[in-house]
There are 2 protein chains.
Amino acid sequence: MKDPRPSASAPHRRITIHDVAREAGVSLTTVSHALNDRGVVDPATRARVKQIAQQLGYRPSVRAQRLRSGRANSIALVSSMPFAVAGGTSRLGFMMEVAAIAAEAALGRGLGVVLVPPLEGAGGLLDSLDIDGAIVIEPVANDAHIALLRQRGVSIVSIGREPGTEDPVPFVDLQSEYTARLLLEHLHAQGRRRIGLLIGATPRQSYVETERAYRAFVAAAGLPCHIVTAQESEGEAGGAAACAALLREQPDIDSLCAPVDAFAVGAIAHAQSLGKRVPQDLMVVTRYDGIRARSHQPPITAVNLHLERVASLAVELLFEHISGGRERASVAAPLPELVPRESSATSATSATSATSAASVTSARPATSAPN
Amino acid sequence: MKDPRPSASAPHRRITIHDVAREAGVSLTTVSHALNDRGVVDPATRARVKQIAQQLGYRPSVRAQRLRSGRANSIALVSSMPFAVAGGTSRLGFMMEVAAIAAEAALGRGLGVVLVPPLEGAGGLLDSLDIDGAIVIEPVANDAHIALLRQRGVSIVSIGREPGTEDPVPFVDLQSEYTARLLLEHLHAQGRRRIGLLIGATPRQSYVETERAYRAFVAAAGLPCHIVTAQESEGEAGGAAACAALLREQPDIDSLCAPVDAFAVGAIAHAQSLGKRVPQDLMVVTRYDGIRARSHQPPITAVNLHLERVASLAVELLFEHISGGRERASVAAPLPELVPRESSATSATSATSATSAASVTSARPATSAPN
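For every chain, the first residue of the written sequence is number 1, and numbering continues from 1 along that sequence. Chains and ligands are labelled by the order in which they are written, letters from A for the one and numbers from 1 for the other. Side-chain atom pairs in this predicted model are given and counted only at pLDDT of 80 or more, local residue features only at pLDDT of at least 70, and totals for whole chains, interfaces and linings cover all residues. By convention in this description, side-chain values take in all heavy atoms of the structure and omit both hydrogens and water.

Engineer: Please clarify how the overall build of chain A should be interpreted in this entry.
Structural biologist: Only DSSP runs of H or I reaching four residues or more are called helices, and only runs of E reaching two or more are called strands; each is numbered from the N terminus. Of the regular secondary structure elements, chain A holds 15 helices and 12 strands. Classification of residues uses two cut-offs on accessible area relative to the type maximum, computed with a 1.4 Å probe and protein chains only: under 20% is buried, over 50% is exposed, and between them is partly exposed. Taking all 371 residues of chain A together, 56% fall into the buried category. The contact definition used throughout considers only heavy atoms, calling two residues in contact when any of these lie within 4.5 Å. For chain A, restricting intrachain contacts to residue pairs at least 6 apart in sequence, the fraction spanning at least 24 positions comes to 66%. Approximately 14,700 Å² of chain A is accessible, and the part contributed by carbon and sulfur atoms is 50%. Here, Shrake-Rupley sampling with a 1.4 Å probe gives the accessible areas, and only protein chains in the shown set may cover a residue.

Here you go:
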C-alpha cells in the first residue's frame, strides 16, 4: 500500500476522503458525517476519524466546498486602458496601483483579486474565470467587458462611471470634472491664458467630464478653446503627435492640460524637441500622480486621486452587491487634491518648494468664472 | 412569465439550461445533448436549440465546465515580502511588476493570476482559492505558503530558490550571487575599499547568496567584512536603523551594498542626516531597479534583473508542471546587468551621464579576486 502522506517534492497527490476512510476502516459516509458533524456517528469514531484526517493532512476539496457555498472567493479586476498608457515598460501604473490596494481590501473579506489585463484574450478569460464579481476600471461606452460580465450574471462595479448610459453599473465616482477644474484653475492662477486640452480619443467618462469642465471654464473666462485628442494605444508617442498637431495650429499655446500621464510626457518631449522650455514656455499638468509624473524631469504637476480610498470603496461597493445589497448606485471618491510640481511652476524657487509639497491647494469646485 | 433576457441593470439572473428547454419546448436532456453535440438529437431540433440558446444569451456554467475539465483556469501569485519593502505607500514594487507581467503571460495560456498579498489572511485565502498552481516570489526557509500549497496538492514554482532545503520547488534562478558580485565589483572599481553589506534578517535565498558572495569577495580582495541586517517589516526605517548600527561600529565605511531598495533608501536618509554626502562620502547600491531607485535623489545604482523574462519563465515553468511535465527543476534567469547611477558615481559628470544609461557594464562572474 502506498503511503498517502505528502513527501517533500511537489506537487503531491491530494489526500481524499477515500484515504481517510481506508485508514480509519470506516465507510465514506461515516467519514463525511464525522468531519462535517452531521448524521449519527459514535462520538469515539467521530473523534478518531477527525484525528486520522488531521494526521494524513486531509483538507476538504476547495471545489466541493465552493459548490456548497456557491462562492468563488474571488473577484476580477478589469481594465481596458492599454499598458502603453497604464505604465510603460514596467506596466506599473493606475491599474496595478488599484490592484495592490484592492487585493489588500479584498483579502480582508476572504476574496482574491484576479488580474484581467488590457490585452487580447481578456474576454475569453472573463468567460472562463469562476468569480463572484468584477471591478472594471474606467469603462468605455458600451464596454465589452461589462456586457460579457452582465451576461454571466456576475456582480459588477466600476471605478469611474460607465459613460453613455442612463443605467450605469454601480460606480465609484472619480470626480473628473472637479479634477479638471483643479488643473485649469491652477494654470489660470499661474497666469496662463492660452490653455490647450489633450484628452484620449476613447469614450471614457473622465474624458467626457474633463472636456465638459474645460469648455465651461474657457467660455466663462473668455479664453480660446483648443482641444486635441490622442490614441491611448499609442501611449507617449500619441501624446507627442497630438501636441505636434496642436502646436502647428496654435503655436502660441502657453499651457497644456493632459490628464493622461503618458500623453503629458509625450507632449513635453515634443515641445522640448521644438526648443520650448517647460514650464517657462509651456506649462504641462496631468491627472494621475504616478511614477511618470513623479520621476519625470521636470516633475509634472498632478492630482492626488486618493486611489487607496478609491480602490477600497470599489471593493466595499462590490462586496455589498455580491451580498445582495442594492442601495448604493454610486459612491463619491474623496475630493482630489492638486500636487503642484516644476512643470507648472512660475519660478525656480517655487518649483523647488512645490516639488516636495504633497498638496497645497484648497480650491473648491467653481460654478462661475475664476478670476 | 418573466422575460429571462438580461436588461440593462446589473446583476442579472443567469440564463440556465431550464430557460432554453422551456423556450424550445424540449427536455433538459435534449438541450444538453444539442448544445454539447452529444447523443441522438434531430438536426433541426439541435439547430433550433442552439439558436434559442444564443438568442437568450445562454452561456454554459463556468462551474459546471470547470468540474468537467478539472481546471480552475487561475494561478496564484504569492509573496511574503512586506509591502513596506515591496513598494511603500503606493505598494508598487517587485511583486506588482512581476504580477503585471505574469498576468500577461498567463493570459496567453487562458489563465488568470490571483494576487495573494503579503498580509495577514493570505494563508486563509490560499486555502480557499480554487487554483491550478501558484508562483511564490522569493520564498523563505520553511515557507508557510509553500507548505500549505503542497498540502493542497497544487503545482508550485518559485521566483528565487526555496532556501534551506535539498528539495526545493521548481524555481527561476534569480542568480543573486552573480548580482551581488556585479555590485561589489562596481564599488571596488569606483575605488571603494571599505564596503559594508546590509541584508534582510529573513531567511531568503537572495540574502543567503548575497552574503556568500560578499564574504568570498572581501576575503579574496583582502577587505574588511562588515555585515548588518535589517527587519523587512520595518521597510525604510529598518534600513536606516541598520545603517546607524553599522556606522556606529564602523564610521569609516565608504560604501554600502543594500540589495533591498527600501533599505538602501533608509540607509541614505540616515547617512545624510549625519552630514554624509552620497556618493562622495558613502556610495550606496541596491538590487531592484524599481521606482525607488529611479526616482530617488540622488538616483540609486541598481541591477536590471530582467523581471519581464523572469516572470514569463515562471509562468512557463508552472504551466509545464500543471500540464504534468516534470523535467525542469529550475531555469536560469538572464544574467542581471548593472544600471549605474549617481549614488555610486565618482564625479558629477559621470553621474549625469550614468543617470540616463540603461546598462553599461560587461562584468562577468568573477571566480578569483578582482583587482
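Engineer: Got a minute to help me understand the packing of aromatic side chains in this structure?
Structural biologist: Two aromatic rings, drawn from Phe, Tyr or Trp (for Trp, its six-membered ring), form a pair once their centres lie within 6.5 Å of each other, and the interplanar angle then sorts them: stacked below 30 degrees, edge-to-face above 60, tilted otherwise. A full pass over the atoms with the stated rule returns 2 aromatic pairs over all chains. By the criterion adopted, a ring carries a charge over it if an Arg CZ or a Lys NZ lies within 6 Å of its centre and within 35 degrees of its normal. Against the face of Phe319(A) rests Arg109(A), its NZ or CZ located 5.1 Å from the ring centre.

Engineer: Looking at this structure, how should I read the sheet that holds strand β5 (residues 171–173) of chain B?
Structural biologist: Each strand in a sheet pairs with another by means of backbone hydrogen bonds, the pair being arranged parallel or else antiparallel. Pairs of strands are assigned from DSSP output, requiring at least two bridges between the strands. The strand order across the open sheet built from 12 strands is β11(A)-β5(A)-β4(A)-β3(A)-β1(A)-β2(A)-β2(B)-β1(B)-β3(B)-β4(B)-β5(B)-β11(B), with neighbouring strands paired in mixed fashion. In this open sheet, the two edge strands, each paired with only one partner strand, are β11 (330–332) of chain A together with β11 (330–332) of chain B. Between one strand axis and the next, the sheet turns through 25° on average, direction left out of account. Pairing between strand β3 (residues 133–137) of chain B and strand β4 (residues 155–159) of chain B: 5 bridges, direction parallel. By the bridge assignment, Val136(B) is partnered in β4(B) with Ser158(B). Every axis in this analysis is a line fitted to C-alpha atoms, fitted for helices over the stretch in contact. Angles between the N-to-C directions lie between 0 and 180 degrees. On top of the sheet, helix α14 (residues 307–322) of chain A reaches β1 (74–79), β3 (133–137), β4 (155–159), β5 (171–173) and β11 of chain A; it is set at about 160° to β4(A), its chief contact.

Engineer: Explain the packing of helix α1 (residues 17–24) of chain B against helix α3 (residues 43–56) of chain B to me, please; I cannot follow it from the model alone.
Structural biologist: Packed helices, taken two at a time, are described by their axes: the angle between them and the distance between them. Residue and element names in this part refer to chain B. Orientation of α1 relative to α3, taken along the N-to-C sense of each, is 125°, at an axis distance of 9 Å. Here α3 runs oblique to α1, going by the angle between their axes. Read as a crossing pair, α1 and α3 show a hand that is right-handed. Residue-level inspection shows Asp19, Val20, Glu23 and Ala24 of α1 in contact with α3, the latter providing Arg48, Val49, Ile52, Ala53 and Leu56. Small angles under 35 degrees read as roughly parallel and large ones over 145 as roughly antiparallel, with 65 to 115 read as roughly perpendicular and the rest as oblique. It is the rotation of the near helix from the far one that decides the hand of a crossing: anticlockwise by less than a right angle makes it left-handed, clockwise makes it right-handed.

Engineer: For this particular structure, what's the right way to read the pairing of strand β2 (residues 112–116) of chain B?
Structural biologist: Two faces make up the sheet, and in a regular strand the side chains alternate between them. Of all 5 residues in β2(B), 5 are buried, a share of seventy percent or more. The two faces of β2(B) match: Gly112(B), Val114(B) and Val116(B) on one face and Val113(B) and Leu115(B) on the other face are all buried. Sheet topology places strand β2 (residues 112–116) of chain A next to β2(B); 3 bridges connect them, and they run antiparallel. When the bridges of β2(B) are listed, Val113(A) appears paired with Leu115(B).

Engineer: What am I meant to see in helix α6 (residues 94–107) of chain B here?
Structural biologist: Given 3.6 residues per turn, any residue in an α-helix points the same way as the ones three and four places further on. A helix is expected to span 1.5 Å for every residue after the first. An ideal rise of 1.5 Å per residue puts 20 Å on 14 residues; α6(B) measures up with 20 Å between its terminal C-alpha atoms. In terms of residue burial, α6(B) counts as a mostly covered element, since 13 of its 14 residues are buried.

Engineer: Would you mind showing me how to read the sheet that holds strand β8 (residues 255–257) of chain A here?
Structural biologist: All names here are of chain A. Spatially, the 6 strands line up as an open sheet ordered β7-β6-β8-β9-β10-β12, and their pairing is mixed. Either end of the sheet is taken by a strand with one partner, and the two such strands are β7 (226–230) and β12 (337–339). Between one strand and the next, the sheet's axes are offset by a mean angle of 25°, whatever the strand orientation. Helix α11 (residues 235–249) rests against β6 (195–200), β7 and β8 of the sheet, and its axis sits at about 150° to β7. Here helix α12 (residues 261–273) sits on the sheet and contacts β6, β7, β8 and β9 (283–288); the angle it forms with β9, its principal contact strand, is near 160°.

Engineer: Any chance you could explain the packing of helix α2 (residues 28–36) of chain A against helix α3 (residues 43–56) of chain A here in plain terms?
Structural biologist: Residue and element names in this part refer to chain A. Here α2 crosses α3 at 90°, and the two axes come no closer than 9 Å. With respect to each other, α2 and α3 are oriented roughly perpendicular. Contact residues: α2 offers Thr30, Val31, His33, Ala34 and Leu35, while α3 offers Thr45, Arg46, Val49, Lys50 and Ala53. For the contact of α2 with α3, the per-class residue count stands at 5 nonpolar, 3 polar and 2 charged. Under the scheme applied here, ten amino acids are nonpolar (Ala, Val, Leu, Ile, Met, Phe, Trp, Tyr, Cys and Pro), four are charged (Asp, Glu, Lys and Arg), and all others, including Gly, are polar.

Engineer: Sorry if this is basic, but what is going on with the pattern of salt bridges here?
Structural biologist: Side chains bearing opposite charge may pair, as long as their charged atoms lie close to each other. A pairing counts as a salt bridge when a side-chain nitrogen of Lys or Arg comes within 4 Å of a carboxyl oxygen of Asp or Glu. Enumeration over the complete set of coordinates arrives at 29 salt bridges over all chains. The partner of Glu211(A) in a salt bridge is Arg215(A), with the nearest N and O atoms 2.9 Å apart. Within this pair, Glu211(A) and its partner Arg215(A) are both found in helix α10 (residues 205–221), separated by 4 residues, close to a single helical turn. A salt bridge links Asp281(B) to Arg277(B), with the nearest nitrogen and oxygen atoms 3.1 Å apart.

Engineer: How should I be thinking about the side chain of Glu97(A) in this particular structure?
Structural biologist: Within the secondary structure, Glu97(A) is located in helix α6 (residues 94–107). Polar contact criterion, stated in full: a pair of N or O atoms within 3.5 Å, where within protein one must be able to donate a hydrogen and the other to accept it, and residues adjacent in sequence count only if both atoms are side-chain atoms. Separated by 2.5 Å, the side chains of Glu97(A) and Tyr288(A) make a polar contact.

Engineer: Is there a simple way to think about the pairing of β1(A) in this case?
Structural biologist: Residue and element names in this part refer to chain A. The buried count for β1 comes to 6 of 6 residues, which makes it a mostly enclosed element. Neither face of β1 is exposed, since Ser74, Ala76 and Val78 on one face and Ile75, Leu77 and Ser79 on the opposite face are all buried. Note: β1 against β3, 5 bridges, orientation parallel. Across the sheet, the residue bridging to Leu77 is Ile135, located in β3.

Engineer: Is there a simple way to explain the confidence of the model for chain A in this structure?
Structural biologist: Do not read the predicted coordinates in detail wherever pLDDT is low. All names here are of chain A. For every residue, the predictor assigns a confidence score, pLDDT, that lies between 0 and 100. With 84% of its residues at a pLDDT of at least 70, chain A reaches an overall mean of 84. Ranking the elements of chain A by mean pLDDT puts helix α15 (residues 348–356) last with 41 and β8 first with 98. Under a pLDDT of 50 for its full length, residues 1–11 has, in the predicted model, 23 contacts with residues more than four places off or in other chains. Scored below 50 in pLDDT, residues 348–371 shows 35 contacts in the model against residues more than four places distant or in partner chains.

Engineer: Would you explain unusual backbone geometry in this entry?
Structural biologist: Excluding glycine, most residues fall at negative phi; most peptide bonds, likewise, are trans. Look at the link from Val278(A) to Pro279(A): it is a cis peptide, with omega at 15°. Note that Pro279(A) resides in the loop between α12 and β9. Along the chain, Gln297(A) connects to Pro298(A) via a cis peptide bond; the corresponding omega equals 0°. Along the chain, the position of Pro298(A) falls in the loop between α13 (291–295) and β10 (301–304). Backbone geometry at His306(B) places phi at a positive 55°, although glycine is not the residue there. Looking at the secondary structure, you find His306(B) in the loop between β10 (301–304) and α14 (307–322).

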